[in-house]
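Here's the letter readout for the chains.
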Amino acid sequence: MRLIFFLSGEHPELAREEVLGLLGSYGRIEKLDEDEQILIADFEGERKVFERLALTHEVSQFFASCEFEELEDVFREVPILPGRICVRVRKIGKRWENLSSLELERSLGAVLWRRGAKISVSKPNYVIRVYLAEKAHVGVLIHKTNTKQFAERRPDKRPFFMPSVIVPRFARALVNITGVKGMMLDPMCGTGTFLIEAGLMGVEFAGVDVFRKVVFGCAKNLKFFGLPTNVIWGDARNLPFKDESFDAVVTDFPYLRATRSYGEDLYEKATEEIWRVLKEGCRAVLVINVDADDLFAQFFEIEGKFYQRVHKSLVRRFFICKK
Ligand SMILES: C[S@@+](CC[C@H](N)C(=O)[O-])C[C@H]1O[C@@H](n2cnc3c(N)ncnc32)[C@H](O)[C@@H]1O
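Residues numbered from 1 in each chain as written. Predicted model: local features only at pLDDT ≥ 70, side-chain atom pairs only at ≥ 80, totals over all residues.

A.B. asks: What should I look at first to understand the nonpolar core in this one?
C.D. replies: Most often, soluble globular proteins keep nonpolar side chains buried together rather than apart. Residues Phe5, Val130, Leu174, Val175, Met184 and Val285 are the most contacted members of the largest nonpolar core, which totals 89 residues. Each of domain 1 (2-144) and domain 2 (148-322) gives at least three residues to this core. Those residues in contact with Phe5 that sit more than four places away from it in its chain are Val19, Leu39, Ala41, Thr56 and Val59. (Core = buried A, V, L, I, M, F, W, Y, C linked by C-beta atoms within 7 Å. Buried ≥ 20, exposed ≤ 12 C-beta atoms within 10 Å, placed from the backbone. Domains from an automatic or database assignment. Contact = placed C-beta atoms within 7 Å.)

The following block contains the structure:
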């Protein structure tokens, strides 16, 4: 099935990786085109997996891509679906600032109406989506992400809180990039953001942290979400697991100077341990605030690297690593 993914404007590149990583693990996906926040791909697999996506706003079944001026022609060709239809336009980028979405929706709706479609703006059975990026992309909406859930799980709403943690929406996307179906490890789990997102998606997980207080706090957070308290007190430099025990690792290294207090060798030793406990062919998503390319490349194939500026003195690097 050919699909249009309308990606989050906050980080379209990471959103694209999430789609490809997750759907590639649950089916077969082939990227066909990209246009700003739009990704067009062929996907064969269960649609149910769309429910896991965090950085995708919507998924639509593809009808056509065209120039803006060709939209009415395309609407003369799109299949007339049974039931009530409405047209909704989503403008992406500044170039469409002066365009009235409402007028365009009306004129395109009128084309369908003249072809015999039943139009209902308030109670449609189908929404025909028009995404205006550099080109226009037309499809029928089949999935909308519940973004409210992420606000409800904000880190400061949990019983145990630490500042500067990754927000749940990004945490979920990073877990999904690994494509994990089996068991995921976070060897420096802190308050448990990655574990919570994995657990809520039905992924089995284990967490480790070097501070007892943090381990108890993380367990409290997991309990708060009704998840098993699979978190242990340990050191990421010497993990208490056999080789190749995990299908994915997602972790966020301690930032900046804080690292020194846990040993100068944390980055090196923890990276080696992550590599050791990960299964062959599986992925680790490693978050760090320095350019650790050389270190990670000693152990992994680096499949991708993305930046996220949090504030003046914190730029996160997301490394997608494959063993
Ligand atoms: C950036 S925080 C992780 C935040 C986490 N992603 C969360 O959701 O809260 C880094 C964590 O690494 C832990 N840590 C530092 N050194 C460690 C070590 N040697 N072994 C395991 N955990 C360690 C710290 O206690 C801290 O909780």
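Past the structure itself, the notes keep going.
A.B. asks: Where do I start with the environment of Asp42 in this structure?
C.D. replies: Summarising the element assignment, Asp42 is placed in strand 3 (residues 38-45). Sequence-wise, Asp42 and Met1 are 41 residues apart; in three dimensions their C-alpha atoms are separated by 5.5 Å. Non-local contacts of Asp42, meaning those with residues more than four positions away in its chain, are made with Arg2, Glu30 and Leu32. (Helix = DSSP H or I, 4+ residues; strand = E, 2+ residues; numbered from the N terminus.)

A.B. asks: Help me understand the sheet that holds strand 6 (residues 118-119), please; the structure alone is not making it clear to me.
C.D. replies: The strands that make up a sheet pair up through hydrogen bonds in the backbone, lying either parallel or antiparallel. Here 8 strands make up an open sheet; going across it, the order is 2-3-1-4-8-7-5-6 and the pairing mixed. Each edge of the open sheet carries a strand with a single partner, namely strand 2 (27-35) and strand 6. Here strand 5 (residues 84-91) pairs with strand 7 (residues 126-132) via 7 bridges, running parallel. Bridge pairing in strand 7 links Lys91 to Leu132. The strands that helix 1 (residues 12-26) touches are strand 1 (2-7), strand 2, strand 3 and strand 4 (56-66); relative to strand 2, the one it contacts most, it runs at about 155°. This element, helix 3 (residues 101-114), spans strand 5, strand 6 and strand 7 of the sheet and lies at about 145° to strand 5. (Pairing = 2+ DSSP bridges. Axes fitted to C-alpha atoms, helices over the stretch in contact; angles between N-to-C directions.)

A.B. asks: I tried to follow the environment of Asp293 on my own but got confused; where do I start?
C.D. replies: Along the polypeptide, Asp293 turns up in helix 9 (residues 293-299). Look at Asp293 and you get exposed, because 12 C-beta atoms sit within 10 Å. Residues Asp293 and Lys305, spaced 12 residues apart in sequence, show a C-alpha to C-alpha distance of 8.8 Å. Among residues more than four places away in sequence, those in contact with Asp293 are Ile302 and Lys305.

A.B. asks: Explain unusual backbone geometry here, please?
C.D. replies: The phi torsion of most residues other than glycine is negative, and most of the peptide bonds are trans. With a phi angle near 55°, Glu36 is a residue other than glycine that sits in the positive phi range. You can see Glu36 is positioned in the loop between strand 2 and strand 3. Even without being glycine, Glu244 reaches a positive phi, approximately 50°. Looking at where Glu244 falls in the secondary structure, it is placed in the loop between strand 11 (231-233) and strand 12 (246-252).

A.B. asks: Explain the site of the ligand to me, please; I cannot follow it from the model alone.
C.D. replies: Taken together, 24 residues lie near the ligand, and Met188, Gly190, Thr191, Thr193 and Ala236 sit nearest. Residue composition of the shell around the ligand, by class: 16 nonpolar, 4 polar and 4 charged. (Near = placed C-beta within 6 Å. Nonpolar A, V, L, I, M, F, W, Y, C, P; charged D, E, K, R; others polar.)

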